[in-house]
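Chains, contacts and geometry: an overview
Each chain is listed here by its residues.
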Amino acid sequence: MGRRRRALEMLVMGHRADRPALVGAGAERLAAGKDRIVVTGAGGWLGLASLEMLSGLLGADFRRRVVCFGTHARTLKLRGGVRIEQRPIAEMADLPPAPSLVLHLAFVTQGPAMTLDREGYVEANLRLSAMVLAALDRIGARAVFLASSGAVHVRDLGAGPQSKGLYGALKYIDEAVFADWAGRRGATAVIGRVFNLSGPYINRRSSYALSSMIGDALSGARVRVRAETRVFRSYVAIEILMSVVLGLLTEPAVGVRRFETVGGRVVEMGDLAKLVVMVLGAPGVERSTFDPAAPADRYVGNGAAFAPLVRQYGHLRRPLSTQIRQTAAFMAAWPQDA
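Residues numbered from 1 in each chain as written. Predicted model: local features only at pLDDT ≥ 70, side-chain atom pairs only at ≥ 80, totals over all residues. Heavy atoms only, no water.

Let's talk about the pairing of strand E1 (residues 36–40)
Within a regular strand, the side chains alternate between the two sheet faces. Applied cut-off: The buried label goes to any residue with under 20% of its type's maximum accessible area, the exposed label to any with over 50%, and the partly exposed label to all in between, with areas taken from a 1.4 Å probe on protein chains only. Numbering of helices and strands runs from the N terminus; a helix is a DSSP stretch of H or I covering at least four residues, while a strand is a stretch of E covering at least two. Any two strands between which DSSP finds at least two bridges are classified as paired.
Summarising burial for E1: five of the five residues are buried, a large majority. A two-sided burial pattern is seen for E1, the buried positions comprising Arg 36, Val 38 and Thr 40 on one face and Ile 37 and Val 39 on the other. Pairing between E1 and strand E5 (residues 100–104): five bridges, direction parallel. What sits directly across from Ile 37, in E5, is Leu 101. Relative to strand E2 (residues 66–70), E1 runs parallel, the two being bridged by four bridges. If you follow Thr 40 over to E2, its bridge partner there is Phe 69.

And the structure:
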């Protein structure tokens with residue numbers, strides 16, 4: 001146990017200086033400018049990671065320029081002791097008008113604890129979108145990033161409340177309404193269909209293959225692959241995604257920009273497990289019997305639009321091994337309910 005603990009401490013210390021950071025032209029323009037940054041869904045995975053990176057980028061201006069909203073008022077905690085207050089989304093329209101960039105990351109998420117039926121789930125998300133949309137003009141928003149999902153490709157508005165199809169259908173509706181706002185107002189809407197991410201503040205860790213495997217490795221267990229068929233994913237580091245987003249949001253040209261995320265490597269879950277073992281020193285891989293001839297589960301974005309954006313705005317290489325170490329360092333140091 002002592003050897004295991006020392007290994008985890010070395011993992012955390014080794015990547016403390018390699019925390020995700022915003023880079024590129026968008027980060028430079030944001031740091032040099034005066035735009036207010038409004039973050040909805042600030043307490044989620046992407047929200048907290050974005051706040052940490054914005055804190056690092058803006059320094060002393062962070063609290064003055066960044067405003068957070070979520071389902072209810074609470075204090076958000078970041079690594080390094082940084083705290084920021086989150087206000088209810090219903091109060092977003094009360095902000096005084098000022099040139100603003102909006103990171104719209106809020107969504108009523110699915111999960112084991114969700115008690116809404118289909119109608120309640122649809123109504124809750126449509127109401128959330130309407131509140132944010134109604135606030136944009138009043139607060140002076142000139143650009144908005146909508147965190148959409150690859151699930152739009154399997155959208156089904158009639159599906160059940162825990163279905164990826166219903167989730168995708170509601171994200172698709174959001175894409176349409178925020179693109180329409182940008183068109184009517186002569187503003188910018190950046191719509192990113194996010195598939196698979198890596199990085200700090202990952203939540204619902206048992207729900208994601210990457211964090212589940214890392215959790216096995218950190219506990220000293222064999223890394224389990226639970227999929228009963230071939231499963232392919234491609235992971236994008238959070239700092240690459242948000243550096244691209246800021247590059248597009250801060251461009252002087254207006255309009256609707258769309259992309260789907262895809263990492264530099266498409267990986268099958270068995271190979272991902274082997275890489276986790278190699279990077280983190282787990283004792284091996286445990287995989288259920290599966291039929292290699294069965295149809296594969298492939299959830300990977302189209303990189304035709306994203307790859308050039310990474311070259312233009314991201315200026316980062318984050319190999320999958322580095323993404324595993326960064327995610328593992330956070331998980332080892334930060335409790336699930338922190």
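Now that the structure has been shown, we can carry on.
Description of the packing of helix H7 (residues 209–218) against helix H9 (residues 269–280)
For the record, the criterion: In this analysis, axes come from line fits to C-alpha atoms, helices being fitted only over the stretch in contact, and the angle between any two N-to-C directions falls in the range 0 to 180 degrees. When describing relative orientation, an angle under 35 degrees is termed roughly parallel and one over 145 degrees roughly antiparallel, while 65 to 115 degrees is termed roughly perpendicular and anything else oblique. For a crossing to be left-handed, the near helix must be turned anticlockwise from the far one by less than a right angle; the clockwise case is right-handed. Two residues qualify as a contact provided that any one of their heavy atoms is within 4.5 Å of a heavy atom in the partner residue. Note that Gly is not counted as nonpolar here; it falls among the polar residues with everything else outside the nonpolar set of Ala, Val, Leu, Ile, Met, Phe, Trp, Tyr, Cys and Pro and the charged set of Asp, Glu, Lys and Arg.
Contact pair H7 / H9: the axes reach a minimum separation of 10 Å and the direction vectors enclose 40 degrees. Regarding the angle of H7 to H9, the classification is oblique. Note on packing geometry: the crossing formed by H7 with H9 is right-handed. Each of Ala 209, Leu 210, Met 213, Ile 214 and Ala 217 in H7 lies in contact with H9, whose residues at this interface are Met 269, Leu 272, Ala 273, Val 276 and Leu 280. In terms of residue class, the contact of H7 with H9 is made up of ten nonpolar, no polar and no charged.

Remarks on the environment of Arg 226
Convention followed: Identification of polar contacts relies on pairs of N or O atoms within 3.5 Å, with a donor-acceptor requirement for protein atoms, meaning one able to donate a hydrogen and the other able to accept it, and with residues adjacent in sequence counted only if both atoms are side-chain atoms.
Mapped onto the elements of the fold, Arg 226 is located in the loop between strand E9 (223–225) and strand E10 (231–233). As a C-alpha pair, Arg 226 and Pro 292 span 66 residues in sequence and 14 Å in three-dimensional space. Apart from residues lying up to four places away in sequence, Arg 226 is in contact with Ser 212, Asp 216 and Ser 288. Here the side chain of Arg 226 touches Ser 212 through a polar contact of 2.8 Å, side chain to side chain.

Things to note about the sheet that holds E10
Within the open sheet, the three strands sit side by side as E13-E10-E15. Their pairing is mixed. Of all the strands in the sheet, just strand E13 (267–268) and strand E15 (297–299) have a single pairing partner and so form its edges. Relative to E13, E10 runs antiparallel, the two sharing two bridges. Counted as the bridge partner of Phe 232 is Glu 268 from E13.

Quick look at helix H11 (residues 320–333)
Inclusion rule: Residue count minus one, scaled by 1.5 Å, sets the expected span of a helix.
For H11, which comprises 14 residues, the first-to-last C-alpha distance of 20 Å matches the rise-based estimate of 20 Å (1.5 Å per residue) to within 8%. Here H11 lies mainly inside the structure; ten of its 14 residues are buried. Residues of H11 that are buried include every one of Leu 320, Thr 322, Gln 323, Ile 324, Gln 326, Thr 327, Ala 328, Ala 329, Phe 330 and Met 331, and no others.

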